Amino acid sequence: MKLRVALIGFGAIGQRLARGLLAHSEAIEITGILVHELEPAQAAAHGDLAGLRPLLSVERAPWLAQRPALVVECAGHAAVDAHAEAVLSSGCDLLLASVGALTDDIRLARLRALATGAGRQVLLVSGAIGGIDWLSAACDAGLGKVVYRGRKPPAAWAGSPAAASLSLDALAAPALVFAGSARDAARDYPRNANVAATVALASLGLDHTSVELWADPGVSENCHEVEAWGEAGHMLLRLENRPDHDNPRTSMITAHSLLRAVLNYCAPVVL
Ligand SMILES: NC(=O)c1ccc[n+]([C@@H]2O[C@H](COP(=O)([O-])OP(=O)(O)OC[C@H]3O[C@@H](n4cnc5c(N)ncnc54)[C@H](O)[C@@H]3O)[C@@H](O)[C@H]2O)c1
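Residues numbered from 1 in each chain as written. Predicted model: local features only at pLDDT ≥ 70, side-chain atom pairs only at ≥ 80, totals over all residues. Heavy atoms only, no water.

Peer 1: So what's going on with the layout of surface pockets? Which residues, and what values?
Peer 2: Space inside the second largest pocket adds up to approximately 340 Å³. Elements that contribute at least two residues to the lining of the second largest pocket include exactly strand S6 (122-124), helix H6 (132-141) and helix H10 (253-265). Among the elements that take part in the lining of the second largest pocket, H10 stands out by supplying five residues, more than any other. Broken down by class, the residue content of the lining of the second largest pocket amounts to eight nonpolar, three polar and two charged. (1 Å grid on protein atoms, 1.4 Å probe; cavity = no way out; pocket = protein on both sides within 12 Å on 5 of 7 lines; lining within 4 Å. Points joined across faces, edges and corners; volume = space filled by probe spheres on them. Helix = DSSP H or I, 4+ residues; strand = E, 2+ residues; numbered from the N terminus. Nonpolar A, V, L, I, M, F, W, Y, C, P; charged D, E, K, R; others polar.)

Right, here's the structure in full:
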């Protein structure tokens, strides 16, 4: 029997993910796609994705009536608020890309309660970051310190609070844009919230995981570093992620991480 999967979001991640799912059509069926605005979906309604017909959020009733087993969110924090409850209550598991939505304790508690009540699971994707398996295992053994460092070219910080205090155009050396807890980083720099939240939720939590954000004229891609010290050892991880062609703020790897999570969800042997 095929795994029935629905998507929320059909932008850069949703379209790349849909292509990946269609390549596994012997095992997976896309039962529906929910979007907020039809423009990106219409743009994709040609070529290899032509057979998929996204529905607007307001038409969501028929979307869940297709009885997917797993719903994949790749639409943003507002979409988590708008749809997570209906997804879990209708008996589906929910795979989230917008992990940063869970930096809100009330939202997290509500999702936990809903999932428990419905006997379902909320699954968080590792997305643009790696090493989550090591971090969560090492957390069990005892972790002393975890630091997430995000490095972006100076221009990528335009429009953020950093632009008020730094001359981004004139930076000759890396400048620290933010240092603090993952919770404060999510509040002040929400565009970085997904990765910082994923590291924090897998390890020391939002209040005890440190975040440093750097404007670095020496990098051309968005770089992620995670450093952790604990009983089980020391981890130092650095990723240089290529941006997605359709949304440069999103790392291309994120859609592939979601695809891997969906394939694992229905695989007989899971790594
Ligand atoms: N975990 C990670 O590492 C990671 C990395 C990048 C992005 N993300 C998350 O994934 C999200 C999507 O990224 P993207 O690059 O595909 O964005 P995008 O802007 O290209 O596409 C967003 C899609 O979501 C839909 N949408 C927005 N609000 C909606 C709502 N309320 N209901 C239904 N559909 C809605 C839009 O219509 C669009 O189809 C981001 O907002 C971010 O939260 C996570």
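That shown, we press on.
Peer 1: Please give an account of the site of the ligand that cites residues and values.
Peer 2: Lining the immediate surroundings of the ligand are 24 residues, of which Ala97, Ser98, Ala128, Asn247 and Thr250 lie closest. Within the contact set of the ligand, an oxygen atom lies 2.9 Å away from a backbone nitrogen or oxygen of Phe10. Within the contact set of the ligand, an oxygen atom lies 2.9 Å away from a backbone nitrogen or oxygen of Ala12. Protein burial of the ligand: of its 870 Å² of free accessible surface, 82% is covered by the chains. For the shell around the ligand, the secondary-structure elements that each account for two or more residues are helix H1 (12-22), strand S2 (28-35) and helix H4 (77-89). (Near = heavy atom within 4 Å. Polar contact = N/O pair within 3.5 Å; in protein donor to acceptor, adjacent residues only side chain to side chain. Areas by Shrake-Rupley, 256 points an atom, 1.4 Å probe, with all protein chains shown as cover.)

Peer 1: If you had to explain the pattern of salt bridges to someone new, which residues and values would you point to?
Peer 2: All chains considered together, the criterion is met by 17 salt bridges. Arg110 is the partner of Glu85 in a salt bridge, and the nearest nitrogen-oxygen pair spans 2.8 Å. Of this pair, Glu85 sits in helix H4 while Arg110 sits in helix H5 (residues 105-118), and the two are 25 residues apart along the sequence. The class for Arg110 is partly exposed, based on a relative accessible area of 45%. For Arg238, the salt bridge identified is with Glu240, shortest N-O distance 3.2 Å. (Salt bridge = Lys/Arg side-chain N within 4 Å of Asp/Glu carboxyl O. Buried < 20%, exposed > 50% of the residue type's maximum accessible area, 1.4 Å probe, protein only.)

Peer 1: Please provide a residue-by-residue account of the domain arrangement of the chain, values included.
Peer 2: Along its sequence, the chain is organised into domain 1 (3-127 + 252-265) and domain 2 (132-241). Each of domain 1 and domain 2 was reduced to a C-alpha centroid, and the two centroids are 26 Å apart. Of the roughly 790 Å² buried at the junction of domain 1 and domain 2 (both faces included), carbon and sulfur atoms supply 64%. Counting the surface domain 1 buries against domain 2, the share from its top three residues, Val99, Thr103 and Ser126, is 46%. Taken together, the links from domain 1 to domain 2 amount to one salt bridge. With a closest N to O distance of 3.3 Å, Arg183 and Asp105 form a salt bridge. The interface formed by domain 1 and domain 2 includes four residue pairs in polar contact (both at pLDDT 80 or more). Per-class residue counts for the side of domain 1 that touches domain 2 are six nonpolar, five polar and one charged. (Domains from an automatic or database assignment. Buried area = accessible area lost by both parts, 1.4 Å probe.)

Peer 1: Before we move on, can you summarise the sheet that holds strand S7 (residues 143-152) with the specific residues and values?
Peer 2: The mixed open sheet is built from five strands, whose spatial order is S8-S9-S7-S10-S11. The two strands at the open ends of the sheet, each matched to only one other strand, are strand S8 (175-181) and strand S11 (233-241). Across the sheet, the mean angle separating the axes of adjacent strands is 15° when strand polarity is ignored. Sheet topology places strand S10 (residues 222-230) next to S11; nine bridges connect them, and they run antiparallel. Residue pairing for S11: Trp229 is matched across the bridge by His234. Where H6 meets the sheet, it contacts S7, S10 and S11, and its direction lies at approximately 160° from that of S7. (Pairing = 2+ DSSP bridges. Axes fitted to C-alpha atoms, helices over the stretch in contact; angles between N-to-C directions. Contact = heavy atoms within 4.5 Å.)

Peer 1: I'd like to hear about H10, residue by residue, with values.
Peer 2: Here H10 spans 18 Å end to end across 13 residues, near enough to the 18 Å set by a 1.5 Å rise per residue. Of all the residues in H10, the buried ones are Thr254, Ala255, Ser257, Leu258, Leu259, Val262 and Leu263. For H10, the secondary structure elements touched by its buried residues are strand S1 (3-8), H1, S2, strand S4 (70-73) and strand S5 (93-96). (Expected span 1.5 Å × (residues − 1).)

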